[in-house]
Amino acid sequence: MNKCWYDYKTVIITGASSGMGKGLAERLIRDHGCDVIGIARTESKLQAFKEELGSLGHKFTYYPFDVSVKENWDKLAAKLKEEGIQPDILINNAGILPKFNRFSKITLDDVNHTMQINFYSSLYAIKALLPTLLKSDTPGIVNIASSAALCSLAGTSIYSASKGALKSFTDALREEHRKDCYVGLVCPGFTKTDIFRNQEQASEGAMKALNMVSTDCDKMVDLIEKGIWKKKGDMVFGIDAHAMNIGNKLLGTFCSHAASKVLEISKLSIFREVFTP
Ligand SMILES: NC(=O)c1ccc[n+]([C@@H]2O[C@H](COP(=O)([O-])OP(=O)(O)OC[C@H]3O[C@@H](n4cnc5c(N)ncnc54)[C@H](OP(=O)(O)O)[C@@H]3O)[C@@H](O)[C@H]2O)c1
């Protein structure tokens, strides 16, 4: 194992029960000897992951709670203090991808739900844990946004808004803590995880098309882990994410228009509602 700044550190990871969060947790435990504190709502999945870790199961403790409830973070901070646990790194990864739809068909309750999970949860976590994190020799905060923060497409207005808000917040936080805390932002492109579960009408064809532009979850975890290792501030991973990033910088709103047009022409079932007024 090559020496790395987060070897043997204590890392809090939200969304550790599935997808990228689980992948990152496993990597940090197996390859870096970290103690991971995992957060997610579904206790059975967290327990199953602990069991999967076998003899390393003791390196994974978990707290099943909803990250979008501020009080849950205050309780966690108090619990860690009470138990004398010093967290070093916080990875805000939990998030949801709401069903693709046009804004006129989305309720304000849905907007609030997405903003709470994808944006406010990270603020609550950082507010509650920053004073403790700063006591670490190697404090770090990593927020997982999305390529949707780099270029908005038709049908992703609120998801893009939530991830765009997280990106802007993180960029400012990084500057405020240049001297005392590593702050990283990850913008992954489509990645093969279960996040598409909310796309109810996703046909086999649609999933096949999405999979063609998606990065394997293991590969994405690898890229994220190496990025954090190098303490990169801004991490854009995946071919589609790079295309959206560069396209948006070079073409501005035309990038959103062109990419949205591709979705419309594709006639994929998961985007049908988006293009039906
Ligand atoms: N997959 C992609 O294509 C993609 C692309 C760009 C960005 N991202 C972002 O990457 C992050 C990880 O996504 P993923 O693809 O790995 O998704 P995933 O497999 O669906 O995992 C999401 C994780 O978040 C947890 N979670 C969701 N809502 C929560 C809540 N309210 N409280 C606590 N935990 C919650 C889930 O556990 P429970 O359901 O048990 O709570 C699960 O562990 C997300 O922020 C996502 O927006 C994903």
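Located above this text is the structure these notes cover.
Rules of the game
- Residues numbered from 1 in each chain as written.
- Predicted model: local features only at pLDDT ≥ 70, side-chain atom pairs only at ≥ 80, totals over all residues.
- Heavy atoms only, no water.
- Helix = DSSP H or I, 4+ residues; strand = E, 2+ residues; numbered from the N terminus.
- Rg over C-alpha atoms; globule rule 2.2 N^0.38 Å.
- Buried < 20%, exposed > 50% of the residue type's maximum accessible area, 1.4 Å probe, protein only.
- Salt bridge = Lys/Arg side-chain N within 4 Å of Asp/Glu carboxyl O.
- Pairing = 2+ DSSP bridges.
- Right-handed = clockwise from strand over helix to strand, strands pointing away.
- Axes fitted to C-alpha atoms, helices over the stretch in contact; angles between N-to-C directions.
- Parallel < 35°, antiparallel > 145°, perpendicular 65-115°, else oblique.
- Left-handed = near helix turned anticlockwise from the far one by under 90°.
- Contact = heavy atoms within 4.5 Å.
- Nonpolar A, V, L, I, M, F, W, Y, C, P; charged D, E, K, R; others polar.
- Near = heavy atom within 4 Å.
- Polar contact = N/O pair within 3.5 Å; in protein donor to acceptor, adjacent residues only side chain to side chain.
- Areas by Shrake-Rupley, 256 points an atom, 1.4 Å probe, with all protein chains shown as cover.

(A) Representation of the overall build of the chain within the structure. The number of helices and strands found in the chain is nine helices and seven strands. For a compact globule of 277 residues, the expected C-alpha radius of gyration is about 19 Å, and the chain comes in at 19 Å, within 12% of that figure. For the C-alpha atoms alone, the extent of the chain along its principal axes is close to 55 × 40 × 40 Å. A total of 277 residues make up the chain; the buried ones form 52% of that total.

(B) Quick peek at the pattern of salt bridges. Here the structure, examined in full by the defined rule, presents 15 salt bridges. Residue glutamate 83 is joined to lysine 79 by a salt bridge in which the shortest nitrogen-to-oxygen separation is 3.1 Å. When its relative accessible area of 33% is taken as the criterion, lysine 79 is described as partly exposed. A salt bridge links glutamate 175 to arginine 178; the nearest nitrogen and oxygen atoms lie 2.8 Å apart. You can call glutamate 175 partly exposed: its relative accessible area is 46%.

(C) Here's a closer look at the environment of alanine 209. Looking at the element boundaries, alanine 209 is found in helix H6 (residues 204–213). The exposure class assigned to alanine 209 is partly exposed, which follows from its relative accessible area of 27%. Note: C-alpha distance between alanine 209 and asparagine 248 (39 residues apart in sequence) is 22 Å.

(D) Molecular detail of the pairing of strand E3 (residues 60–64). Summarising the sheet, strand E2 (residues 35–40) and E3 pair through five bridges and their orientation is parallel. Bridged to glycine 38 within E3 is tyrosine 62. On the question of chirality, the crossover connecting E2 to the parallel E3 by way of helix H2 (residues 43–52) is right-handed.

(E) View of the packing of helix H3 (residues 70–82) against helix H4 (residues 108–133). For the pair H3 and H4, the least separation of the axes is 9 Å and the interaxial angle reads 30 degrees. Judged by the inter-axis angle, H3 sits roughly parallel to H4. Handedness of the H3/H4 crossing: right-handed. In this structure, H3 uses Lys70, Trp73, Asp74, Ala77 and Leu80 to contact H4, whose residues at the interface are Ser121, Tyr124, Ala125, Ala128 and Leu129. Taken together, the residues of the contact of H3 with H4 break down into seven nonpolar, one polar and two charged.

(F) Examining the site of the ligand more closely. Taken together, 31 residues are adjacent to the ligand, and Ser17, Ser18, Arg41, Thr42 and Thr193 come closest. Contacts to the ligand include aspartate 66, whose side-chain N or O atom sits 2.9 Å from a nitrogen atom. Contacts to the ligand include threonine 191, whose backbone N or O atom sits 2.7 Å from an oxygen atom. Notes on the ligand: free accessible area 880 Å², of which the protein chains cover 97%. Of all the secondary-structure elements, those providing two or more residues to the shell around the ligand are helix H1 (19–32) and helix H5 (157–176). Residue composition of the shell around the ligand, by class: 15 nonpolar, 11 polar and five charged.

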